[in-house]
Amino acid sequence: MINKVKSQIQSLNLSQLENQRTTSQKDRINVLGIAGSLRQDSYSTLGLKIVLEEAIKYGSESYLLDLRELNLPLYDPGGPSTSNESTSNNTSKNALERTATALKWADALILASPDYHGSMSGTLKNFLDYFWEEFAGKTFGYIVASHEKGLTVADQMRTAIRQCYGWSMPYNISINGEKDFDSKGTLVNSTLAKRLKMLARDLVIYGTLIRKQFLSDVADHKISDSFASHYRSYYN
């Protein structure tokens, strides 16, 4: 399933999403994994793929967005938006459009990053800088590849998502490289395996509950005393 994610995410288009904007209209929650490492076969990406595969068992649609392959340009707040047709670099424009489409499709997300000096990767931070309303009312899980548990990295990701009115799982997953995977990329730590399954299950269950309520509040124009009411223009 995960090996097919790249082509599937590239084939998503906004017209296909028109009937998938509310989880109440479909049986499955859409879980999008964001791989924030530029290293091929990185440990954080390996862990992310496992969670996405496990999430399918709990009733999700799961897709992987690999920032290594997208190669998003460095965010320029004064530059063209993701929908600006005047973007000169077609490759960059296509990458941004595909990313925006994937985020509109997603009901819940998992951010995965290596630990660089106690911080998330520049690649992941650059991705986060581009978007904000796309994250609101969605539940996020966090995976960090770190020799020191990656607590500060997870806190930074959680802070960024909180600023965008997204919800976060109350725990994160830490991966310790060679101690958790063998030379072939096979998971060998049974405790970590259980935690990855736990994240998959919790993200699907709690993510569905939160997403359904958020979208219900967005759709009900009689409700004005909810933060969800500020996102109606995005969902119209």
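So, here's what we can say about the structure. (Residues numbered from 1 in each chain as written. Predicted model: local features only at pLDDT ≥ 70, side-chain atom pairs only at ≥ 80, totals over all residues. Heavy atoms only, no water.)

1. Concerning the overall build of the chain
So, point 1. Across its full length, the chain carries 10 helices and six strands.
So, point 2. When the 236 residues of the chain are sorted by exposure, 50% land in the buried category.
So, point 3. Expressed as a percentage of contacts within the chain between residues at least 6 apart in sequence, the contacts between residues at least 24 apart total 75%.
So, point 4. Accessible area for the chain stands at about 12000 Å²; split by element, carbon and sulfur atoms hold 48% of it. (Helix = DSSP H or I, 4+ residues; strand = E, 2+ residues; numbered from the N terminus. Buried < 20%, exposed > 50% of the residue type's maximum accessible area, 1.4 Å probe, protein only. Contact = heavy atoms within 4.5 Å. Areas by Shrake-Rupley, 256 points an atom, 1.4 Å probe, with all protein chains shown as cover.)

2. Concerning helix α5 (residues 90-105)
Residues separated by three or four positions in an α-helix point in the same direction, a consequence of the helix having 3.6 residues per turn.
So, point 1. A rise of 1.5 Å per residue sets the reference length of α5, with its 16 residues, at 22 Å; its end C-alpha atoms lie 22 Å apart and thus fit the reference within 8%.
So, point 2. Regarding α5, the residues found buried are Ser92, Lys93, Ala95, Leu96, Thr99, Ala100, Thr101, Ala102, Leu103 and Trp105. (Expected span 1.5 Å × (residues − 1).)

3. Looking at the packing of helix α3 (residues 43-57) against helix α9 (residues 190-219)
So, point 1. Packing of α3 against α9 leaves a shortest axis separation of 8 Å and a crossing angle of 50°. Put simply, α3 runs oblique to α9. Crossing geometry of α3 relative to α9 is assigned as right-handed. Residue-level inspection shows Gly47, Ile50, Val51, Glu54 and Ala55 of α3 in contact with α9, the latter providing Leu196, Lys197, Leu199, Ala200 and Val204.
So, point 2. Here the contact of α3 with α9 is built from residues that sort into seven nonpolar, one polar and two charged. (Axes fitted to C-alpha atoms, helices over the stretch in contact; angles between N-to-C directions. Parallel < 35°, antiparallel > 145°, perpendicular 65-115°, else oblique. Left-handed = near helix turned anticlockwise from the far one by under 90°. Nonpolar A, V, L, I, M, F, W, Y, C, P; charged D, E, K, R; others polar.)

4. Thoughts on the nonpolar core
One recurring pattern in soluble globular proteins: nonpolar side chains tend to sit buried together.
So, point 1. In terms of nonpolar packing, the biggest core is built from 31 residues, with Leu32, Ile34, Leu111, Leu124, Phe127 and Phe135 touching the most fellow members.
So, point 2. Elements represented by at least two residues in this core include exactly β1 (29-35), β2 (60-66), α4 (67-70), α5, β3 (108-114), α6 (122-130), β4 (139-145) and α7 (151-163).
So, point 3. With six residues, α5 is the largest single contributor of residues to this core.
So, point 4. By size, the runner-up hydrophobic cluster in this structure holds 26 residues, among which are Tyr43, Leu46, Leu52 and Ile175. (Core = buried A, V, L, I, M, F, W, Y, C linked by side-chain atoms within 4.5 Å.)

5. Concerning a nonpolar patch on the surface
So, point 1. A cluster of nonpolar side chains, contributed by Ile205, Tyr206 and Leu209, occupies part of the molecular surface with about 290 Å² of accessible area.
So, point 2. As for its position among the elements, Ile205 is in helix α9.
So, point 3. When its relative accessible area of 32% is taken as the criterion, Ile205 is described as partly exposed. (Patch = residues over 30% accessible without salt bridge, like charges linked within 9 Å, V, L, I, M, F, W, Y side chains within 5 Å. Salt bridge = Lys/Arg side-chain N within 4 Å of Asp/Glu carboxyl O.)

6. Digging into the pattern of salt bridges
So, point 1. Enumeration over the complete set of coordinates arrives at seven salt bridges.
So, point 2. A salt bridge links Glu61 to Arg28; the shortest N-O distance between them is 3.1 Å. Here Glu61 is found in strand β2, whereas its partner Arg28 is found in the loop between α2 (14-17) and β1, with 33 residues between them in sequence.
So, point 3. Residue Glu61 is classed as partly exposed on the basis of its relative accessible area of 25%.
So, point 4. A salt bridge links Arg201 to Asp202, with the shortest nitrogen-to-oxygen separation between them at 3.3 Å.

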